[in-house]
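What follows is the residue order along each chain.
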Amino acid sequence: MQKSRQLTHIRHGIKKGITTSFIHEQHFPTTNPFVLWEHFTSKSPTNHGLSFHGHSGIEAISYPLTGTILHHDSTQQHHIVKSGDIHMMTSGQGIIHKSTTLPQQSTTESFQLWMALPAANNNEMCQPKSQLFKKHHLPLVEDNHSTTKILVGHYQQHTSPIKSHCELILLDIIMTSYSTWCFTPPQDYHSCFIYLKSGISYSANNKLMPFQMGFFESSSAPIIITTTDHSSRFFIACAVPLKQPLITNQHSVHSCENNMSKSEVTIKNLMESIKNKK
């Protein structure tokens, strides 16, 4: 059997309210281009909302598993993101948005992934864009013991319709008990992590429990995940690291202070335009 790519560390995340966060500024050198991974969970009939706020320099993927996200932003897009759909927001030079999550039978669960936008070709400061992709457009690859949903990028002979500015593969995998899942990322996709949503899985002799994230070493070896007497559901994210500095003010990520300053002015102006309309 092939040797599995090793995990360099396992993270348990920091929980605040309904949000558990796993990537923070001090991790950027090893997680680049990934700058945020959050898991939202709530067992309440209450809607959860965020008022208008701004971002720049990042591409944000929102993926509700249970519940619906209502998204409004300064590109004049208004999206209803239902369970299993994907919303991608490319913030570029600056965008403001607000969102409300509606529970389904008093349950809310969703994920959000941020990637830093490449400085090359001015992608970091591009025009903002907001896109909705319905779940029936996302490919499913079914094997004897697993189902792999291709959220972004490609897997085997299938490709998602979602195109990221980063070279990214994002997969949602469900495995049966006593089974093996194997994937060799393309060359240069050196930044890779696994996040276990439910069940128990094993990778390179490491036991992974729910709400744990494992980062893989930079290697050409395959990622091999196994289960024993528990089925499991997990995410695999792989990307080509960006060759640029990453700085943040918590809401935005840029490659230099000049771009950060320009975007802060853009976001300030957008916020003022919203206030003037009230």
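No experiment lies behind these values; they were computed from the predicted model shown.

Some details on the sheet that holds strand β8 (residues 78–81)
Read from one edge of the open sheet, four strands run β5-β10-β7-β8, paired in antiparallel fashion. Both edges of this open sheet fall to β5 (48–55) and β8, since each of them pairs with a single strand only. In this sheet, adjacent strand axes meet at a mean angle of 15° when their direction is disregarded. Where strand β7 (residues 68–73) meets β8, four bridges bridge the pair, whose relative direction is antiparallel.

Some details on the sheet that holds strand β24 (residues 232–239)
Spatially, β1-β22-β19-β24-β17-β14-β13 is the arrangement adopted by the seven strands of the open sheet, whose pairing is antiparallel. The open sheet has two free edges, formed respectively by β1 (7–11) and β13 (140–142), since each of these has just one partner strand. With direction set aside, neighbouring strand axes in the sheet form an average angle of 20°. Summarising the sheet, β13 and strand β14 (residues 146–152) pair through three bridges and their orientation is antiparallel. Counted as the bridge partner of Val 141 is Thr 148 from β14.

Quick look at the nonpolar core
Core analysis: the biggest nonpolar cluster contains 39 residues, and Phe 34, Trp 37 and Phe 193 have the highest contact counts within it. The contact partners of Phe 193, leaving out residues within four places of it in the chain, are Phe 34, Trp 37, Leu 113, Met 213, Gly 214, Phe 215, Phe 216, Phe 235, Ile 236 and Ala 237. Counting residues in each nonpolar core, the second largest holds 22 residues, with Trp 181, Phe 234, Cys 238 and Val 240 among its members.

Notes on the environment of Ile 194
Take Ile 194: it is sitting in strand β19 (residues 191–199). Using a relative accessible area of 0% as the deciding quantity, one classes Ile 194 as buried. Setting aside residues no more than four positions away along its own chain, Ile 194 makes contact with Leu 7, Leu 208, Gln 212, Met 213, Gly 214, Phe 216, Ile 225, Phe 234, Phe 235 and Ile 236.

Conventions and cut-offs
- Residues numbered from 1 in each chain as written.
- Predicted model: local features only at pLDDT ≥ 70, side-chain atom pairs only at ≥ 80, totals over all residues.
- Heavy atoms only, no water.
- Pairing = 2+ DSSP bridges.
- Helix = DSSP H or I, 4+ residues; strand = E, 2+ residues; numbered from the N terminus.
- Axes fitted to C-alpha atoms, helices over the stretch in contact; angles between N-to-C directions.
- Core = buried A, V, L, I, M, F, W, Y, C linked by side-chain atoms within 4.5 Å.
- Buried < 20%, exposed > 50% of the residue type's maximum accessible area, 1.4 Å probe, protein only.
- Contact = heavy atoms within 4.5 Å.

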